[in-house]
Amino acid sequence: WQPFAPALDRQNCLWQLETDLRSALQHEQLLLHFQPRYSADGARVVAVEALLRWQHPVEGLLAAYVFLPLAERSDLIVAIERWLLREACAAARHWPQSIAVSVSLAPAHFSRGDAPRAVRDALTDSRLPANRLQVQVAEQVMLGCADGAMTALTALNEAGVGLILDEFGSGYCSLGYLRIYPFDAVKIDPRFIAGLASSPQDRGLVRGIIDLGRAMGVRVIGAGVDTEQQLLSLQDDRCAEVQGL
């Protein structure tokens, strides 16, 4: 026995959530929400990001950040993200050809699963052209397994899939990654976008990332745009694309 503590209750809740997650796929409790990404002038939708959600029978609608860390502790992340890829590609098959679908893959999928094969299977099953799929990856993918990440990202690039480096500017070696890995675009960390109106340092950093991207031929996406002032600042700095929170 041991005295009760709030931390024990939280841990028990996480264990129960992880147990429930194992049956979520079988009971069709996972679903996708779609968030558009616009050209910086707002004239057109260029892509739509597929956001994973879990309609839990007791807890209600859960965002990915609540349950994906639990999935990453086991190989369950591979099965969930294979489902995510299939569903996102199948949905995009019915959209206008000018609109791509963007999917985030967790670092654990690259280390424990075969990300290129999962992407190929989803494209084949949906008959979606590879150039209409964009895969977003975080810096942790390269930190966890540099050789494996290079092989996987190169295979995706050669297949014609777009590659986006997520949360650019927040990591230790993001600039070096643009020289080594075949990224087509970078997404600026939303924390810097949030400070555009109030922080000269953040404004200078964002402007520098945009200039760097243009110089290297990489599209720059402003993520987390929540106000008109943020949008105007990104337009003035000639950011290529914008996405909301």
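Attention here is on the structure that accompanies the text.

About the criteria used
Residues numbered from 1 in each chain as written. Predicted model: local features only at pLDDT ≥ 70, side-chain atom pairs only at ≥ 80, totals over all residues. Heavy atoms only, no water. Axes fitted to C-alpha atoms, helices over the stretch in contact; angles between N-to-C directions. Helix = DSSP H or I, 4+ residues; strand = E, 2+ residues; numbered from the N terminus. Left-handed = near helix turned anticlockwise from the far one by under 90°. Contact = heavy atoms within 4.5 Å. Nonpolar A, V, L, I, M, F, W, Y, C, P; charged D, E, K, R; others polar. Buried < 20%, exposed > 50% of the residue type's maximum accessible area, 1.4 Å probe, protein only. Core = buried A, V, L, I, M, F, W, Y, C linked by side-chain atoms within 4.5 Å. Pairing = 2+ DSSP bridges. Arc of directions from axis to C-beta. Phe/Tyr/Trp six-rings, centres within 6.5 Å; stacked < 30°, edge-to-face > 60°.

This part takes up the packing of helix α3 (residues 76–92) against helix α5 (residues 115–126). The contact between α3 and α5 brings their axes to 9 Å, and the two run at 35°. Once α3 is placed against α5, the crossing between them reads as right-handed. The segment α3 lies against α5, with Arg82, Leu85, Arg86, Cys89 and Ala90 engaging Arg117, Ala118, Val119, Asp121, Ala122, Leu123, Asp125 and Ser126. Tallied by class, the residues present in the contact of α3 with α5 amount to seven nonpolar, one polar and five charged.

With respect to the element layout, Phe168 can be found in strand β6 (residues 162–168). Residue Phe168 is classed as buried on the basis of its relative accessible area of 6%.

What follows covers the side chain of Gln243. For Gln243, the position within the fold is in strand β9 (residues 241–243). Judged by its relative accessible area of 3%, Gln243 falls in the buried class. Dropping the residues within four chain positions of it, Gln243 is found in contact with Gln35, Pro36, Arg37, Glu49, Lys187, Gly222, Ala223, Gly224 and Val225.

A word on the nonpolar core. Leu52, Phe67, Leu133, Met142, Leu153, Phe183 and Leu234 are the most contacted members of the largest nonpolar core, which totals 68 residues. It is α3 that contributes the most residues to this core, ten residues altogether. Other than its neighbours up to four places away in sequence, Phe183 contacts Val137, Met142, Leu153, Leu163, Ile164, Leu165, Tyr177, Leu178 and Val218.

To continue, consider the pairing of strand β3 (residues 60–63). Looking at chain direction, strand β2 (residues 45–56) and β3 are connected through four bridges and run antiparallel. Bridging across to β3, Trp54 finds its partner in Leu62. Connecting β2 to the next strand, β3, in antiparallel fashion are three residues.

Turning next to helix α11 (residues 228–236). For α11, the set of buried residues is Gln230, Ser233 and Leu234. Down the axis of α11, the buried side of the element spans an arc of 95°, and every buried residue falls inside it. In α11, the exposed positions angled more than 90 degrees off the buried face are occupied by Glu228 and Asp236. Buried positions along α11 lie against α9 (190–194), α10 (200–216), β8 (219–223) and β9. Where α11 ends, the next residue or the one after it, Arg238, has phi of about 65°, a positive value.

To describe a pair of aromatic rings, you give the distance between the ring centres and the angle between the ring planes. In the structure shown here, the tally under the stated rule is four aromatic pairs. For the ring pair Trp54 and Phe67, a centre distance of 5.5 Å and an interplane angle of 80° mean the geometry is edge-to-face. Linking Trp54 in strand β2 with Phe67 in helix α2 (residues 64–71), this pair joins segments that are 13 residues apart in sequence. Where Tyr177 meets Tyr181, the ring centres are 5.7 Å apart and the plane angle is 70°; that geometry is what we call edge-to-face. Here Tyr177 matches Tyr181 in class, with each residue buried. Through a chain of ring-to-ring contacts, three or more aromatic side chains come together here, namely Tyr177, Tyr181 and Phe183.

Keep in mind these values describe shape, not function.
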